[in-house]
Amino acid sequence: CETCSKEEAKYRCPRCMKYSCSLLCVKKHKLLQSCNGIRDKTAFVSVKEFTDLNLLSDYRFLEDIGRTADAAARHPIVHSTSTKRLLYYLRKKARKCNIDLRTLPIGFTKRRENSTTYNDTEKKFYWHLKLIFPHCHAEYVLKGVPDDKALADVLKPYIDPVESDPVVCQRLKRYTMSPQSDVQILMKIENRKRNSVRYHELDASRSLLENLKGKIIIEYPTLFVVLKTLKNDMVVLGQDASDSAESSDSESSSLSSMEEGEIRDSS
């Protein structure tokens, strides 16, 4: 026993790994060492000392974190009236800009990630934006992107040979080495059948707001930056004659459903 040094040790502290012989010595040890006796689940373990027990401990630790996060997402505050009013406010402002903004139920990843806000003084959105560069398997998340910012300016820190970050430039080398005329910005068209995926082609010279008008946005815009010579199976709306009519009918019926739902929410 490392506390009394008299009796044979029977217990070992999970936190500091000191030996004790009895409950009395355990309590004395905690008092003298200011030890709570709770194992530190995040303590460093070298590769040589790492065992199956450590692996199981880490797995259970991650499970505990998942349960805690899930419980937090289900907390009544998250479902409060103020939160619902804020989402309704964002959808209403988006509709005035001719944008069909839709929000997902609590618990969905995009709902948790979304940081989009609307500044009533400046009368403009600050969007949460995701950029995907499929040819380099890279994704970047931008927060607080003003809706009056041109898409070309949004992309400059990523694919401009001069203004882009050196690390990002190296990762997106295929884009930075290609002529700007070969770069194409696409956004997936929502509310279509899974076997009929189509994309809107956006104008890089126009603002984010101008590009989003007349389109369905689920939580926040996700833009695919592709090279025309490599986009392959990404079909742009309008390449088939039937696309425009099909998409128009589908979007108009969806907008009507959304408006009916919002009327019920507000009442």
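Residues numbered from 1 in each chain as written. Predicted model: local features only at pLDDT ≥ 70, side-chain atom pairs only at ≥ 80, totals over all residues. Heavy atoms only, no water.

### A short note on unusual backbone geometry
Turning to step 1, where the next piece is worked out: Phi at K123 takes a positive value of approximately 60 degrees, unusual for a residue other than glycine.
Turning to step 2, where the next piece is worked out: Residue placement: K123 occurs in the loop between strand 4 (117–119) and strand 5 (124–133).
Turning to step 3, where the next piece is worked out: A relative accessible area of 55% places K123 in the exposed class. (Helix = DSSP H or I, 4+ residues; strand = E, 2+ residues; numbered from the N terminus. Buried < 20%, exposed > 50% of the residue type's maximum accessible area, 1.4 Å probe, protein only.)

### Considerations on the UniProt feature "domain: HIT-type" (unreviewed entry) in the chain
Turning to step 1, where the next piece is worked out: The positions UniProt marks with the feature "domain: HIT-type" (unreviewed entry) are residues 1–35.
Turning to step 2, where the next piece is worked out: Between the first and last C-alpha atoms of residues 1–35 the distance is 16 Å; the span itself is 31% helix and 11% strand. (UniProt positions renumbered as here; feature names shortened; annotations may be inferred.)

### Here we look at helix 3 (residues 81–96)
Turning to step 1, where the next piece is worked out: Taking 1.5 Å of rise per residue, the 16 residues of helix 3 would be expected to cover 22 Å, and the 23 Å separating its terminal C-alpha atoms lies within 8% of that figure.
Turning to step 2, where the next piece is worked out: Turning to helix 3, its buried residues are L87, L90, R91, K93 and A94. Down the axis of helix 3, the buried set is contained in an arc of 165 degrees. They therefore lie on one face. In this structure, helix 3 carries T81, S82, K84, R85 and K96 as exposed residues pointing more than 90 degrees from its buried face.
Turning to step 3, where the next piece is worked out: At the C-terminal side of helix 3, N98 shows a positive phi close to 65 degrees. (Expected span 1.5 Å × (residues − 1). Arc of directions from axis to C-beta.)

### Considering the pairing of strand 5
A regular strand places its side chains on the two faces of the sheet in alternate fashion.
Turning to step 1, where the next piece is worked out: The element strand 5 is largely enclosed, with a buried count of nine among its 10 residues.
Turning to step 2, where the next piece is worked out: In terms of strand pairing, strand 4 meets strand 5 through three bridges, oriented antiparallel. Among the inter-strand pairings, Y118 is bridged to a residue of strand 5, identified as F125.
Turning to step 3, where the next piece is worked out: With antiparallel pairing between neighbouring strands as the criterion, strand 4 and strand 5 make up a hairpin whose turn holds four residues, including K123 at a positive phi of roughly 60 degrees.
Turning to step 4, where the next piece is worked out: For strand 5 and strand 6 (residues 138–146), the ladder comprises seven bridges, and the chain directions are antiparallel. From the neighbouring strand, I132 faces strand 6, where its bridge partner is E139.
Turning to step 5, where the next piece is worked out: The turn linking strand 5 back onto strand 6 is made up of four residues, and H137 within it adopts a positive phi angle of 55 degrees.
Turning to step 6, where the next piece is worked out: Pairing of strand 5 with strand 10 (residues 222–227) involves three bridges; the strand directions are parallel. By the bridge assignment for strand 10, L131 is matched with L223. (Pairing = 2+ DSSP bridges.)

### Side note on the nonpolar core
For soluble globular proteins, nonpolar side chains are generally found buried alongside one another.
Turning to step 1, where the next piece is worked out: If you look at the biggest cluster of nonpolar residues, it comprises 35 residues, and the most contacted ones within it are L131, F133, Y158 and L172.
Turning to step 2, where the next piece is worked out: Not counting chain neighbours up to four residues away, the residues in contact with L172 comprise F133, C136, A138, Y140, Y158 and I159.
Turning to step 3, where the next piece is worked out: Within the second largest apolar cluster, six residues are counted, among which are I132, L186, Y199 and V236. (Core = buried A, V, L, I, M, F, W, Y, C linked by side-chain atoms within 4.5 Å. Contact = heavy atoms within 4.5 Å.)

### Description of the pattern of salt bridges
Turning to step 1, where the next piece is worked out: Taken as a whole and assessed by the stated rule, the structure comprises 12 salt bridges.
Turning to step 2, where the next piece is worked out: Residue D120 is joined to K93 by a salt bridge in which the shortest nitrogen-to-oxygen separation is 3.9 Å. Of this pair, D120 sits in the loop between strand 4 and strand 5 while K93 sits in helix 3, and the two are 27 residues apart along the sequence.
Turning to step 3, where the next piece is worked out: In this structure D120 comes out as partly exposed when scored by relative accessible area, which is 38%.
Turning to step 4, where the next piece is worked out: The closest approach of N and O atoms between D203 and R206, which form a salt bridge, is 3.8 Å.
Turning to step 5, where the next piece is worked out: Since its relative accessible area comes to 46%, R206 is described here as partly exposed.
Turning to step 6, where the next piece is worked out: Overlapping salt bridges bring together K41, D64 and R67 as one network. (Salt bridge = Lys/Arg side-chain N within 4 Å of Asp/Glu carboxyl O.)

### Brief notes about the side chain of H128
Turning to step 1, where the next piece is worked out: Positionally, H128 belongs in strand 5.
Turning to step 2, where the next piece is worked out: Assessed through its relative accessible area of 2%, H128 is described here as buried.
Turning to step 3, where the next piece is worked out: Engagement of the side chain of H128 in a polar contact is seen with the backbone oxygen of E113, the distance being 3.3 Å.
Turning to step 4, where the next piece is worked out: Leave out the neighbours within four places in its chain, and H128 touches E113, N114, S115, T116, V141, L142, K143, Y220 and P221. (Polar contact = N/O pair within 3.5 Å; in protein donor to acceptor, adjacent residues only side chain to side chain.)

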